[in-house]
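What follows is the residue order along each chain.
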4 protein chains.
Amino acid sequence: MTENTDFETGLKEECGVFGMYDLDGHDVSRSIYYGLEALQHRGQESCGIAVSDTSGPKGRVKSYKGLGLLSEVFHTGQFDSLSGNIGIGHVRYSTSGSLNINNAQPLVLNYLKGSLALAHNGNLVNALQLREEMENAGAIFHTSIDSEVIAHCIARERVNSGCIEDAVKKACDHIRGAFAIVLMSPRKLIGVRDPYGLRPLCIGQRDNAYVLASEDCALHSIGAHFIRDVKPGEVVTINSRGEISSEFLDDVVPREKQAHCIFEYIYFARLDSCIDGVEVYNARIRGGASLARCYPVDADIVAGVPDSGLAAAKGYSEASGIPYAIAFHKNSYVGRTFIKPSQDERESSVKIKLSVIGSVVKGKRVVLVDDSIVRGTTIANLIRTLKHCGATEVHVRISSPPFLHPCYFGVDVPSNKQLIASQMSVEQIRKKIGADSLGYMPIRELPDMVGDLPICRACFNNEYPMEVPDHEIRDELGD
Amino acid sequence: MTENTDFETGLKEECGVFGMYDLDGHDVSRSIYYGLEALQHRGQESCGIAVSDTSGPKGRVKSYKGLGLLSEVFHTGQFDSLSGNIGIGHVRYSTSGSLNINNAQPLVLNYLKGSLALAHNGNLVNALQLREEMENAGAIFHTSIDSEVIAHCIARERVNSGCIEDAVKKACDHIRGAFAIVLMSPRKLIGVRDPYGLRPLCIGQRDNAYVLASEDCALHSIGAHFIRDVKPGEVVTINSRGEISSEFLDDVVPREKQAHCIFEYIYFARLDSCIDGVEVYNARIRGGASLARCYPVDADIVAGVPDSGLAAAKGYSEASGIPYAIAFHKNSYVGRTFIKPSQDERESSVKIKLSVIGSVVKGKRVVLVDDSIVRGTTIANLIRTLKHCGATEVHVRISSPPFLHPCYFGVDVPSNKQLIASQMSVEQIRKKIGADSLGYMPIRELPDMVGDLPICRACFNNEYPMEVPDHEIRDELGD
Amino acid sequence: MTENTDFETGLKEECGVFGMYDLDGHDVSRSIYYGLEALQHRGQESCGIAVSDTSGPKGRVKSYKGLGLLSEVFHTGQFDSLSGNIGIGHVRYSTSGSLNINNAQPLVLNYLKGSLALAHNGNLVNALQLREEMENAGAIFHTSIDSEVIAHCIARERVNSGCIEDAVKKACDHIRGAFAIVLMSPRKLIGVRDPYGLRPLCIGQRDNAYVLASEDCALHSIGAHFIRDVKPGEVVTINSRGEISSEFLDDVVPREKQAHCIFEYIYFARLDSCIDGVEVYNARIRGGASLARCYPVDADIVAGVPDSGLAAAKGYSEASGIPYAIAFHKNSYVGRTFIKPSQDERESSVKIKLSVIGSVVKGKRVVLVDDSIVRGTTIANLIRTLKHCGATEVHVRISSPPFLHPCYFGVDVPSNKQLIASQMSVEQIRKKIGADSLGYMPIRELPDMVGDLPICRACFNNEYPMEVPDHEIRDELGD
Amino acid sequence: MTENTDFETGLKEECGVFGMYDLDGHDVSRSIYYGLEALQHRGQESCGIAVSDTSGPKGRVKSYKGLGLLSEVFHTGQFDSLSGNIGIGHVRYSTSGSLNINNAQPLVLNYLKGSLALAHNGNLVNALQLREEMENAGAIFHTSIDSEVIAHCIARERVNSGCIEDAVKKACDHIRGAFAIVLMSPRKLIGVRDPYGLRPLCIGQRDNAYVLASEDCALHSIGAHFIRDVKPGEVVTINSRGEISSEFLDDVVPREKQAHCIFEYIYFARLDSCIDGVEVYNARIRGGASLARCYPVDADIVAGVPDSGLAAAKGYSEASGIPYAIAFHKNSYVGRTFIKPSQDERESSVKIKLSVIGSVVKGKRVVLVDDSIVRGTTIANLIRTLKHCGATEVHVRISSPPFLHPCYFGVDVPSNKQLIASQMSVEQIRKKIGADSLGYMPIRELPDMVGDLPICRACFNNEYPMEVPDHEIRDELGD
């Protein structure tokens, strides 16, 4: 599968979060911008930054949010009004059809003790229940995102808590699901991760500034070094003296019951990231090698679908000894706002984003590696183009198992009707896309990708790490 | 005083509200747009519309808000996504320096019984106290406007109320200050007015649709006819059967203690509006006549400063027998986003918005009528230009008394330091602006403008109709 | 007729021009902006400014143009890149349906002697013929405006001319029609006016800077004083020593054959302007007086349609003794980009721009004065609204004769099919618009408006001051 | 060198051209858009499309141009007004500092025989001389681009030519330099290529439509197939009967004197293009192999700088046997409008666009392949980062010789002062960038890249294929 674009209905990650606290008092908004830019692959539909000055009056939070990419929303001038040495940021992919600026994050709130800003990656499974409880007690909600439910929980707990981190811990004891959260109170930066470790979060440092980020690639992009991952179920607090304190949620689960999202490694996370001790590049190389072991084939070249299939193709090549090839050119100028082709041009328009380098594939038997098949349209077009350019055989290898079950933890899997894998057998899919052979990653091979890291496989095998609702929860809070 | 512009620091009204419920199911968003356009003089800094479909699922509210004039924020395409037969709208002038889209109205909320949209004109005097109480109980606030405090009150009361209008009534029993509110629940349109009648609100009808609006000019602009004013302290509810029910707040005050804002008549309200039985045009004509009686002068022509001084000038002319003249041309193309003049062009740039028609004033003794003097800069420039064009004398008549005290009820009076009247005597002002004589409306003459309508004169005489804080309340909720 | 708006098909002026040369070296772009803002009524569809620095390298012209009002096109930042002490500007109304930025002025050109910028108000009758001649000699044209034909003529003549003003004179000897032109060469500012004086142009001064402008209101708006009108057929040149030289075109006509456009006085020009010695305000007052003489009526009040009918109404009132009334409120916030009403709201939407002040007209016999009737829709709506508000009679007086013939000199008269006057008798029009009586200005009364100034009456009586084509010339150069 | 971005001063191509004529009458604007999108790498600063309908009135050309990428300039709605079955398009990189919409192409002109649209890639060496000749004869110029000189030449020749293609041929006999031109007359589509073949142009076909394009990748992107390259010195005309006629310029040179630009193969052209019979991918593979032969080294992996160094790295890997590695992640979301880092963040910000995959390079000796070194800053940063990530050695191989002389044919080589190669020896450069070894492609190896194709090497060895000016010609026509 190629990267997320408007004309591709694929899997989508929901968010990236970033926080920074500069204890020397330097402004952090530009660094947050760069950090978010390194996380842009996790969400392209809205973004925002909220900052505060810890030496100023409590609760003066300045924020700016907008719909679109960071480069579309932010301009140099805006940073003048975003001064402050503590701040958080967010990039978002919205699961609901209609975009709504109201739902953009960070959420910035006033409550008992002043101001609070919150950015959340993940999805709760008990948000509706909690919201109804609070509405019954007279609460009002401005958005349709579960992150606001978390904010309400924190505000309620704050009434009887001695400090903000206690309130956050108590609030997070109530919520269930996947969450990686960064929070900014007037004088503290806080990070929380759900007990199962479903969503990533790590800690870094640059000089006398501390950073929280969804992936360590965002640390490196601003010149910070990685300290450690936030542990599943951990609440990490950085205070104004630069002390990092840590406590754990009540429901922390033993390591073997943790459930790290395998899709972070298959394609959400950036190729140069390392999450929970597993390097994404290496995981994909090992995935490609597994495919080579499980589905060997006599072929001339191995080619990956840019960009997410390239590393797995390299792994397949290394394991099989079949040469790795650069078979595609990706046009990086094709806009996100796609000009719709007229009816009779639709057929030809599929070649716009990816084009085949004819001299590479002509007369060759090609192993084509991608990370997933959603509807099958894109891969079918690539196979047809490869053959049109002279490839004699095309053997497709997919570095994930077929996904057959809904994800309740923040991955936007299309509904069953759109998923080719839930409608057809592997052989039927092979025929439909025009491949000479087709192999999906076996579920049993997944652990090999990530070493001993316990992973969530629910979307492949229906075994969820916690109790989940019996219905679709997307949009249940409104849209 | 000329109309509100970026380069003029004058008195400013805070808001206009509009609501409509079409019982035949027709879309109302376009009519709300036109209605708000007729109220645009009450607020030019942000605007918004929220609509719902009473035949659809409860709580599906569609809204659109933005910074700027209606014509800048709304475009034809947006109305396609604003379908629904019940809706409310708002135009706003923000009292805080920095504009913030978060503070735009209508507020759209989810709470116990689904959705609620709220638009508010006025200012509360106990908002901070109420907000602190609620924060202490665990509430969170997304905005810095007192309107959100009202929404929270309603949500709390709704828990133990049988219907929305009861909750609204109970909530409004807690708030104190000036308020004219329109609310939309899934099936009802509600209007509330504070017990003193400080801010206007009226009811109209077009075919089988009911309308609530700050001024009746907004009714006429959409072809609706005026039914009646909402009474001070009244809660009016229009339900899905077209029934209009009414109840009153606990603290309703007797008519003689009501305190209608006199500035609505002097210049906030539109010339063609009629509020609480008093026609604005007639009030200004009578004001001009009072000035003629109190400050007669031997002159050749009477000229009003466009647009707000024209009617009072007409009244002065009719009462004195001195001919009414068209002495100014107003350039309607001068942009709101004013191109700043370079230093040496500043002097000449004052003539851009208003220019004098030389042949009208040459050799003439002029009575110049305006509604107020804030800093005195504008009127001084006009007098200088009139004399430059050949006027032999300029006698200034102001149709309001000097304002000397802060308004807590929604009028944005500049601080004392900017107010010329609180720094100088009338004779000093006359000299400074270069007038040959100067007369302010005496406070005792104000009742004559509005008949027996009880009015608030606090900004002139420091006698407030209710207890007010002992400090500046603008921005006390943040900005 | 109300002012030009998108939803009104009325008479339209084609352009306003402005030029400035500061001999002390100060930047002129901001002053040009203000000057154009005072001329914005002459054209709202595109605008532009071109400047140069006479102390810099020859031919470095900086320019900025755009579609829309000055306040929409220009922002403060742009003036930083528009430095220079000589410059010209233009506001334009395009006669063709489709707007095209290519046709915006000033035209900025390179030719034999460096750079040239040109801004033109008016219309040529021999542009097509000249363009074909030049095309036959190998010329190319980038625009569809006749102004580019003038530029080509100048460039051709420049080859054998000793100085730019000679080339301009020779070029203007070839062109026929209506023209008021300002030109900027590297070191000179030049103004030209056609021999008939059809379009206005005047000279002013501020300190050591000279100014050319379509109307003197633009001089006053920047603090310059009026020196004199450019004479019909005159070429005025201001050089770098501040000398104003003058020569005349070969075809200069005697004063009695001049043909000043009467519509400048009836409604194009601004109320505070004075053109060729005749004050616009006074001309309209005299027009209103003529109507009172020609069409007396027994009535209670006289009301003008804002803004262009107000002065004539005043004239009618003064001559008849019937009191002048403020009967309408004009909503200055109604946007140019009009939100289209749905079908069933169309009827009511006509009240949005102008509303009647009920208490003024109730029970009154009204004389309603406007400057023209094009299709009759607007006046019919006003009459209906006046009667709805209680006016017992409405007597319409129009301060221009019915126009029946095309204008070839820059006035965009709608085609005959749209003109009510060419389709119906006066009595038929009266009935259709619902007036109790109707009187148009008699052609014989026009001279009285402007003293002894010889005027063009061709659109009323088909007597053109020069030979004109036998076909429609609008868009003949493309669109 | 990475791709063109705002913060990188590298080599820049000047333009891409595209033309299409659908003989069945289908609209071509969307196909032109897609074709230009495939050529966007040739110019990102402005773009435009001009279309006409061959069955409509002659000379009705509709066009749309703007500054920025196609995806920024064009929106779906614009295609509604760009109907027509013949058209041309252009993407441009402007060599002058200030962008100017006037200079955007296609140029659309009116001349003797109606309309003409022209799009040009390349640079003339006698444009100034021709323009002065024409100005002396009275011509005027609206732009500062040499393409307008070509248009003038065509218009002049058209006067005495029987058909447009004759005029084009005669005009192109006058101009000297590099040019690939597509022209649209009312009924014909014409392509011209300079006698030396400096700039590419090819012909394609889709059903009953003919296409001209700078590279064949643009043909494939719209589903057209390649027919042949336009020959150096050839004028190709496609008429309304679908006939392709051909004639040659007078100055056509023998094949051995042709001078195809080698930089098209090194990095301008797209990886999947084939120009004049040489596949770009293969040329780069052979270039990499040459580097391996000339500069062998004992290393562990070969890595190319994305995207332009990847294929040469593959060639080096294949020839040397050293494994090819994926060592970098390119962040495709980094905006073109780069948020400037504050002073103390500048150092770290270089990692934003390209990041190193640590696990790939750790402990490895790396051969790093790029296509050129301009200032050396970027490669120095990459080397530093590679070593920071654990690379033990970095051996740099550059697939082009050092460029030392100006290009007069359309490549925007930075001035000598910015070129590191003209300031330092290879050893000095090696030290400065921190490489362990450095090898530039020897000039003598270049022919091996492109077979027997005669190439221009002037920027390396100062041997120009034609007489060139003795001064810098960029901006000589103004800016």
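On a predicted model such as this, the values are computed, not experimentally measured, just so you know.

### A closer look at the overall build of chain A
Phase 1 of the analysis: For chain A, the helix and strand inventory stands at 15 helices and 23 strands.
Phase 2 of the analysis: For 479 residues, the compact-globule formula gives about 23 Å, and the C-alpha radius of gyration of chain A, at 23 Å, lands near that figure.
Phase 3 of the analysis: Projected onto its principal axes, the C-alpha positions of chain A cover 70 × 45 × 45 Å.
Phase 4 of the analysis: In chain A, which comprises 479 residues, the proportion classed as buried is 66%.
Phase 5 of the analysis: Considering only intrachain contacts with a sequence separation of at least 6, the fraction spanning at least 24 residues in chain A is 70%.
Phase 6 of the analysis: Summed over its atoms, the accessible surface of chain A is roughly 15,900 Å², and 47% of this surface lies on carbon and sulfur atoms.

### Focus on the packing of aromatic side chains
Each aromatic ring pair is summarised here by two numbers: the centre-to-centre distance and the angle between the ring planes.
Residue and element names in this part refer to chain A.
Phase 1 of the analysis: Following the criterion strictly, the structure yields 50 aromatic pairs over all chains and no others.
Phase 2 of the analysis: Joined through ring pairs, the aromatic side chains of Tyr33, Tyr34, Tyr64, Phe74 and Phe79 make up one cluster.
Phase 3 of the analysis: The ring of Phe141 carries the charged tip of Arg131 above its face, separated from the ring centre by 5.2 Å.

### Details of the relation of the copies chain B and chain A
Phase 1 of the analysis: Here chain B sits on chain A after a turn of 180° about the axis and a move of 0.0 Å along it, with an RMSD of 0.0 Å. The symmetry that links the two subunits is that of a two-fold axis. Among all residues of chain B, the minimum C-alpha distance to the rotation axis is found for Ala139 of chain B, at 3.5 Å.
Phase 2 of the analysis: Residue by residue, 96% of the interface of chain B is reproduced at the interface of chain A, so both copies engage with the same surface.

### Some remarks on the interface of chain B and chain A
Much of the literature gives interface size as the accessible area that the parts lose upon coming together.
Phase 1 of the analysis: Across the contact, 24 residues belong to chain B and 23 residues belong to chain A.
Phase 2 of the analysis: Buried area between chain B and chain A, both sides added, is near 2,100 Å², and the carbon and sulfur share of it is 50%.
Phase 3 of the analysis: Among the residues of chain B in contact with chain A, Asn110, Ile140 and His142 of chain B are the three that bury the most area, contributing 30% of the side total.
Phase 4 of the analysis: The tally of links from chain B across to chain A stands at 0 salt bridges.

### A word on the interface of chain A and chain D
Phase 1 of the analysis: Contacts between the two partners involve 55 residues from chain A and, on the opposite side, 55 residues from chain D.
Phase 2 of the analysis: Between chain A and chain D, a total of about 4,700 Å² is buried, with carbon and sulfur atoms accounting for 56% of that surface.
Phase 3 of the analysis: Remark: the boundary between chain A and chain D carries 0 salt bridges.
Phase 4 of the analysis: If you look at where chain A meets chain D, you find 13 residue pairs in polar contact (both at pLDDT 80 or more).
Phase 5 of the analysis: Among the secondary structure elements, those contributing two or more residues to the side of chain A that touches chain D are α1 (29-38), α6 (216-221), α8 (280-294), α9 (310-320), β19 (354-356) and α11 (358-361) of chain A.
Phase 6 of the analysis: Ranked by the residues each element gives to the side of chain A that touches chain D, the list is headed by α1 of chain A, at 6 residues.

### Some thoughts on helix α12 (residues 377-388) of chain D
All names here are of chain D.
Phase 1 of the analysis: In this model, α12 (12 residues) spans 16 Å end to end at C-alpha, consistent with the 16 Å of a helix rising 1.5 Å per residue.
Phase 2 of the analysis: Turning to α12, its buried residues number three or more, namely Ile379, Ala380, Asn381, Leu382, Ile383, Thr385 and Leu386.
Phase 3 of the analysis: Trailing α12 by a residue or two, Gly390 shows a phi angle of about 110°, which is positive.

### Re unusual backbone geometry
Residue and element names in this part refer to chain A.
Phase 1 of the analysis: The peptide bond linking Gln105 to Pro106 adopts the cis configuration, its omega dihedral lying at 0°.
Phase 2 of the analysis: Positionally, Pro106 belongs in the loop between β4 (86-92) and β5 (107-111).
Phase 3 of the analysis: One non-glycine residue, Asp276, lies in the positive phi region at around 50°.
Phase 4 of the analysis: In this fold, Asp276 is placed in the loop between β15 (274-275) and β16 (278-279).

### Considerations on the sheet that holds strand β11 (residues 225-229) of chain A
All names here are of chain A.
Phase 1 of the analysis: Spatially, 7 strands are ordered β3-β2-β4-β1-β10-β9-β11 in an open sheet, and the strand pairing comes out antiparallel. Of all strands in the sheet, those bounded by a partner on one side alone are β3 (61-67) and β11. With strand direction ignored, the average angle separating the axes of adjacent strands in the sheet is 15°.
Phase 2 of the analysis: Taken together, the 7 bridges between strand β1 (residues 15-22) and β4 define a ladder with antiparallel strand orientation. Opposite Cys15, over in β4, you have Arg92 as the bridge partner.

### Digging into the side chain of Asp276 of chain D
Residue and element names in this part refer to chain D.
Phase 1 of the analysis: We classify Asp276 as buried; its relative accessible area is 19%.
Phase 2 of the analysis: Polar contacts involving the side chain of Asp276 include one to the side chain of Arg193, which spans 2.6 Å.
Phase 3 of the analysis: Not counting residues up to four positions away in its chain, the partners in contact with Asp276 are Arg193, Asp229, His260, Tyr265 and Leu453.

### Details of the relation of the copies chain A and chain D
Phase 1 of the analysis: Rotating chain A by 180° and moving it 0.0 Å along the rotation axis overlays it on chain D with an RMSD of 0.0 Å.
Phase 2 of the analysis: Both copies share a contact surface, since 100% of the interface residues of chain A are interface residues in chain D too.

### Let's talk about the arrangement of the chains
Phase 1 of the analysis: Between chain A and chain C there is no contact, and the shortest C-alpha to C-alpha distance separating them is 13 Å.
Phase 2 of the analysis: The least C-alpha distance between chain B and chain D, which are not in contact, is 13 Å.

### Some words on the packing of helix α4 (residues 146-158) of chain C against helix α5 (residues 164-174) of chain C
Residues and elements named next belong to chain C.
Phase 1 of the analysis: Their axes nearest at 8 Å, the elements α4 and α5 cross at an angle of 125°. As judged from the angle between their axes, α4 and α5 are oblique. In this structure, α4 meets α5 at a crossing whose hand is right-handed. Between α4 and α5, the contacting residues are Cys153, Ile154, Glu157 and Arg158 on the first element and Ile164, Ala167, Val168, Lys170, Ala171 and His174 on the second.
Phase 2 of the analysis: The residue makeup of the contact of α4 with α5, split by class, is 6 nonpolar, 1 polar and 3 charged.

### Topic: the pattern of salt bridges
Phase 1 of the analysis: Applying the stated rule across the entire model yields 84 salt bridges over all chains.
Phase 2 of the analysis: The salt bridge involving Lys188 of chain D is made with Glu165 of chain D; its shortest N-O contact spans 2.9 Å. Linking Lys188 of chain D in the loop between β7 (177-184) and β8 (189-193) with Glu165 of chain D in helix α5 (residues 164-174), this pair joins segments that are 23 residues apart in sequence.
Phase 3 of the analysis: Taking the relative accessible area as the measure of exposure, Glu165 of chain D reaches 13% and is therefore buried.
Phase 4 of the analysis: Close ionic contact of Arg228 of chain D with Glu234 of chain D constitutes a salt bridge, the shortest N to O distance being 2.7 Å.
Phase 5 of the analysis: With a relative accessible area of 24%, Arg228 of chain D lands in the partly exposed category.
Phase 6 of the analysis: Overlapping salt bridges bring together Arg42, Arg199, Glu215 and Glu264 of chain A as one network.

### Side note on helix α13 (residues 426-433) of chain D
Residue and element names in this part refer to chain D.
Phase 1 of the analysis: By the burial criterion, the buried members of α13 are Ile429, Arg430 and Ile433. Burial along α13 is one-sided: seen end-on, the buried residues are contained in an arc of 105°. Among the exposed residues of α13, those pointing more than 90 degrees away from its buried face are Lys431 and Lys432.
Phase 2 of the analysis: In this structure, the buried residues of α13 make contact with α12, β21 (393-398) and β22 (437-440).
Phase 3 of the analysis: At the exit of α13 stands Gly434, carrying a positive phi of roughly 85°.

### Considering the sheet that holds strand β2 (residues 46-52) of chain B
Through backbone hydrogen bonds, the strands of a sheet pair up, either in parallel or in antiparallel fashion.
Residues and elements named next belong to chain B.
Phase 1 of the analysis: If you walk across this open sheet you meet the 7 strands as β3-β2-β4-β1-β10-β9-β11, and the pairing is antiparallel. The open sheet is flanked by β3 (61-67) and β11 (225-229), the only strands paired with a single partner. Taking each pair of neighbouring strands and ignoring which way they run, the sheet shows an average axis angle of 15°.

### Describing the confidence of the model for chain A
Parts of the model with low pLDDT should not have their predicted coordinates read in detail.
Residue and element names in this part refer to chain A.
Phase 1 of the analysis: Mean pLDDT over chain A: 89, with 90% of residues reaching 70 or higher.
Phase 2 of the analysis: Predicted confidence for residues 343-350 stays below pLDDT 50, and this span has 13 contacts to residues more than four positions away or in other chains.
Phase 3 of the analysis: For this predicted complex, the interface score ipTM comes out at 0.91, alongside a pTM of 0.90.

### Regarding the environment of Thr237 of chain B
All names here are of chain B.
Phase 1 of the analysis: Relative to the helices and strands, Thr237 is located in strand β12 (residues 234-238).
Phase 2 of the analysis: Using a relative accessible area of 3% as the deciding quantity, one classes Thr237 as buried.
Phase 3 of the analysis: Remark: the alpha-carbon pair of Thr237 and Met424, spanning 187 residues in sequence, is separated by 49 Å.
Phase 4 of the analysis: The residues contacting Thr237, other than those within four sequence positions of it, are Glu165, Lys188, Leu189, Ile190, Glu243, Ile244 and Ser245.

### With respect to the side chain of Ser144 of chain A
Residues and elements named next belong to chain A.
Phase 1 of the analysis: Residue position: Ser144 is located in the loop between α3 (127-136) and α4 (146-158).
Phase 2 of the analysis: We classify Ser144 as buried; its relative accessible area is 14%.
Phase 3 of the analysis: Side chain to side chain, Ser144 and Asn103 meet in a polar contact 3.0 Å long.

### Some words on the environment of Gln44 of chain B
Phase 1 of the analysis: Relative to the assigned elements, Gln44 of chain B resides in the loop between α1 (29-38) and β2.
Phase 2 of the analysis: With a relative accessible area of 8%, Gln44 of chain B lands in the buried category.
Phase 3 of the analysis: Engagement of the side chain of Gln44 of chain B in a polar contact is seen with the backbone oxygen of Gln40 of chain B, the distance being 2.9 Å.
Phase 4 of the analysis: Polar side-chain contacts of Gln44 of chain B include one of 3.3 Å to the side chain of Tyr333 of chain C.

Definitions and cut-offs
Residues numbered from 1 in each chain as written. Chains lettered and ligands numbered in written order. Predicted model: local features only at pLDDT ≥ 70, side-chain atom pairs only at ≥ 80, totals over all residues. Heavy atoms only, no water. Helix = DSSP H or I, 4+ residues; strand = E, 2+ residues; numbered from the N terminus. Rg over C-alpha atoms; globule rule 2.2 N^0.38 Å. Buried < 20%, exposed > 50% of the residue type's maximum accessible area, 1.4 Å probe, protein only. Contact = heavy atoms within 4.5 Å. Areas by Shrake-Rupley, 256 points an atom, 1.4 Å probe, with all protein chains shown as cover. Phe/Tyr/Trp six-rings, centres within 6.5 Å; stacked < 30°, edge-to-face > 60°. Lys NZ or Arg CZ within 6 Å of the ring centre and 35° of its normal. Least-squares fit on C-alpha atoms with pLDDT ≥ 70 in both. Buried area = accessible area lost by both parts, 1.4 Å probe. Salt bridge = Lys/Arg side-chain N within 4 Å of Asp/Glu carboxyl O. Polar contact = N/O pair within 3.5 Å; in protein donor to acceptor, adjacent residues only side chain to side chain. Expected span 1.5 Å × (residues − 1). Pairing = 2+ DSSP bridges. Axes fitted to C-alpha atoms, helices over the stretch in contact; angles between N-to-C directions. Parallel < 35°, antiparallel > 145°, perpendicular 65-115°, else oblique. Left-handed = near helix turned anticlockwise from the far one by under 90°. Nonpolar A, V, L, I, M, F, W, Y, C, P; charged D, E, K, R; others polar. Arc of directions from axis to C-beta. pLDDT = per-residue confidence, 0-100.

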